[in-house]
Amino acid sequence: MVVVLFHVFHEGLPVGAKIGWLPFFLPFNAGNAIFVFFLVSGFALSIGYLSKGDLRSWIRIAAGRYVRLAVPVLGACAIMNIALATGLLRPPSERLPIFQDMLTFQPSIEHLFRFALLDVFLNYDFSATYIGALWTMSIELWGSVIVLMGVLLLRELPGRIAILVLCSAALAFSQEQSASLLALFPAGVAMAEAYRAGWLERIGAKPGAVLLAVGVAAPFVLPQTVWAGSAASIAFVVGVIAWGPARSFAEGKLSSRLGAISFPLYLVHGPVMWIVGEPLMRHFGQDMAARLAIDIAIVALSFATAVAFLPVNWLAVRLAHAMGNGAVRLFQRAALRFA
């Protein structure tokens, strides 16, 4: 939701002149939202195996992870491919200036499948992308690999939290931005270990509220670097876990429903902005009131489109489960053969 608000109100379809400090506020801080996304991915991918040590659960996640990400990405990119091929999008020179540098290639089925199934994960190119927000997918996939290999190798080692923290710190100060963003995945695993040990819940409400406040306020005072954003996101998530009211909200029905559409919303808000928002703003966005109305409509339409996209997301989950269960069966047969 935060990424959508940032892209609509600040980056893609601003109501007026861009306000430089707007992304510092939590509802528009897309950078912090993405950091939290990576951190929670590390936590969620590792907590089950760390808790139970069930190799079958690890195999299920490892075997299905690529499919879980790739199928919805392919679906969202297909929407943009159709929009390009059918002329729903104007030629680059006729678009609003901010939309002129993307989607300048000739659409084709071959390009669609190559980009959505391979290049988006292995060789992301802004000039070849269908959706700008997909730059995170390669980091999410390789971060998942780091998490899965890390928990497999470290689960039984003493001092594994210290090892994870050191790995995260080494990555955070890398000169490569993509490598530094990967630091959030081992940090998420370390957080899962701390949560499993009960440390996070023992922090207490007042320190938790302070950590949450630090995470919210950090963009205003810290440099705009990956390490600073990572530290702020860690404080924010730990604060949510430790402070009762924030945790209650995060565990509530509204948060759960937002979570159910979060990945579809991330994928489809770009197509909605391109197919509906850009022409509306180009034709009717002459004054601030009209631009504000258009932005609100685009946010609402993005949510509605994300709900409509849920079957694609569910298909990805089912295919990932099928892949995972198939891999488990193969593993069990192999284990019996060599037993």
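Residues numbered from 1 in each chain as written. Predicted model: local features only at pLDDT ≥ 70, side-chain atom pairs only at ≥ 80, totals over all residues. Heavy atoms only, no water.

Undergrad: I'd like a description of the overall build of the protein, backed by residues and values.
TA: Helix and strand counts for the protein come out as 14 helices and 0 strands. When the helices and strands of the protein are listed from N to C terminus, the series reads α-α-α-α-α-α-α-α-α-α-α-α-α-α. Its C-alpha atoms give the protein a radius of gyration of 21 Å, within 12% of the compact-globule value 20 Å for 339 residues. Counting across all 339 residues of the protein, residues that qualify as buried make up 47%. Considering only contacts in the protein between residues 6 or more positions apart, those separated by 24 or more positions represent 76%. For the protein, the exposed surface amounts to about 16700 Å²; the carbon and sulfur share of it is 69%. Taken together, the 23 basic and 16 acidic charged side chains of the protein have centroids lying 13 Å from each other. (Helix = DSSP H or I, 4+ residues; strand = E, 2+ residues; numbered from the N terminus. Rg over C-alpha atoms; globule rule 2.2 N^0.38 Å. Buried < 20%, exposed > 50% of the residue type's maximum accessible area, 1.4 Å probe, protein only. Contact = heavy atoms within 4.5 Å. Areas by Shrake-Rupley, 256 points an atom, 1.4 Å probe, with all protein chains shown as cover. Lys, Arg positive; Asp, Glu negative; His and termini not counted. Charge placed at Lys NZ, Arg CZ, Asp CG, Glu CD.)

Undergrad: A description of the nonpolar core should follow, citing residues and the corresponding values.
TA: Note on soluble globular proteins: their nonpolar side chains tend to be buried together. Tyr130, Leu134 and Leu267 are the most contacted members of the largest nonpolar core, which has 89 residues in total. Setting aside its immediate chain neighbours within four residues, Leu134 contacts Val73, Cys77, Phe115, Val120, Tyr124, Thr129 and Leu267. (Core = buried A, V, L, I, M, F, W, Y, C linked by side-chain atoms within 4.5 Å.)

Undergrad: Pulling in residues and values, what's your account of helix α9 (residues 205-221)?
TA: Over its 17 residues, α9 runs 24 Å from end to end, which matches the ideal 24 Å to within 8%, given 1.5 Å per residue. Of all the bends in α9, the greatest, near 35°, is centred on Gly215, and the proline Pro219 appears no more than four residues after it. Taken together, the buried positions of α9 are Gly208, Leu212, Gly215, Ala218 and Pro219. Considering only its buried residues, α9 is in contact with α10 (226-242) and α11 (244-250). (Expected span 1.5 Å × (residues − 1). Bend = angle between axes of the 7 residues up to and from the residue.)

Undergrad: Quick one: what's the story with the pattern of salt bridges, residue by residue and with numbers?
TA: Summed over all chains, the structure comprises 11 salt bridges. The partner of Glu110 in a salt bridge is Arg114, with the nearest N and O atoms 2.4 Å apart. One end of the pair, Glu110, and the other, Arg114, are both in helix α4 (residues 109-122), 4 residues apart, so they sit about a helical turn from each other. For Arg114, a relative accessible area of 33% puts it in the partly exposed group. Connected through shared salt-bridge partners, Glu110, Arg114 and Asp119 make up one network. (Salt bridge = Lys/Arg side-chain N within 4 Å of Asp/Glu carboxyl O.)

Undergrad: Just give me the short version of the side chain of Asp295, but keep the residues and values in it.
TA: One can find Asp295 in helix α13 (residues 288-308). No salt bridge is formed by the buried Asp295, whose closest oppositely charged neighbour, Arg291, lies at an N-O distance of 6.5 Å.

Undergrad: Please give an account of the environment of Leu157 that cites residues and values.
TA: Mapping Leu157 onto the fold places it in the loop between α5 (136-154) and α6 (160-172). Taking the C-alpha atoms as reference, Leu157 lies 39 Å from Phe220; in sequence the two are 63 residues apart.

Undergrad: Before we move on, can you summarise the layout of surface pockets with the specific residues and values?
TA: Space inside the largest pocket adds up to approximately 1900 Å³. At the level of secondary structure, the elements contributing two or more residues to the lining of the largest pocket comprise α1 (2-12), α2 (30-52), α3 (55-85), α8 (184-196), α10, α11 and α12 (253-284). The element that contributes the greatest number of residues to the lining of the largest pocket is α2, accounting for 11 residues. The computed volume of the second largest pocket comes to approximately 1000 Å³. For the second largest pocket, the lining is made up of 41 residues, of which Phe6, His7, Glu11, Ala30 and Trp135 are closest to its centre. Among the secondary structure elements, those contributing two or more residues to the lining of the second largest pocket are α1, α2, α7 (177-181), α9, α10 and α12. (1 Å grid on protein atoms, 1.4 Å probe; cavity = no way out; pocket = protein on both sides within 12 Å on 5 of 7 lines; lining within 4 Å. Points joined across faces, edges and corners; volume = space filled by probe spheres on them.)

Undergrad: Explain a nonpolar patch on the surface to me, using residue names and the numbers behind them.
TA: Taken together, Leu55, Leu118, Leu122, Trp142, Val145, Met149, Leu152, Leu153 and Phe331 make up a surface patch of nonpolar side chains, about 810 Å² in accessible area. For the nonpolar patch, the element with the highest residue contribution is α5, accounting for 5 residues. Of note, Phe331 is situated in helix α14 (residues 310-338). The exposure class assigned to Phe331 is partly exposed, which follows from its relative accessible area of 36%. (Patch = residues over 30% accessible without salt bridge, like charges linked within 9 Å, V, L, I, M, F, W, Y side chains within 5 Å.)

Undergrad: Quick rundown of the packing of aromatic side chains? Include the residues and the values.
TA: Applying the stated criterion across every chain, the model contains 14 aromatic pairs. Residues Trp21 and Phe25 carry aromatic rings whose centres are separated by 5.7 Å and whose planes lie at 75° to one another, so their mutual orientation is edge-to-face. According to the relative accessible area criterion, Trp21 is partly exposed, its value standing at 49%. Since its relative accessible area comes to 38%, Phe25 is described here as partly exposed. Here Phe115 and Tyr124 contribute two aromatic rings whose centre-to-centre distance is 6.1 Å and whose plane-to-plane angle is 50°, an arrangement assigned as tilted. Look at Phe115 and you get buried, because its relative accessible area is 1%. Through successive ring pairs, a cluster of aromatic residues spans Trp21, Phe24, Phe25 and Phe220. Cation over ring: Arg155 sits above Tyr49, and NZ or CZ is 5.9 Å from the ring centre. (Phe/Tyr/Trp six-rings, centres within 6.5 Å; stacked < 30°, edge-to-face > 60°. Lys NZ or Arg CZ within 6 Å of the ring centre and 35° of its normal.)

Undergrad: Account for the packing of α8 against α10, naming residues and giving values.
TA: Close contact between α8 and α10 brings their axes to 12 Å; oriented N to C, the two are set at 25°. By the angle between their axes, α8 is roughly parallel relative to α10. Every pair of crossing elements has a handedness; the one defined by α8 and α10 is right-handed. Where α8 abuts α10, its residues Leu184, Ala187, Met191 and Tyr195 lie against Ser230, Ser233, Ile234, Val237, Val238 and Ile241. (Axes fitted to C-alpha atoms, helices over the stretch in contact; angles between N-to-C directions. Parallel < 35°, antiparallel > 145°, perpendicular 65-115°, else oblique. Left-handed = near helix turned anticlockwise from the far one by under 90°.)

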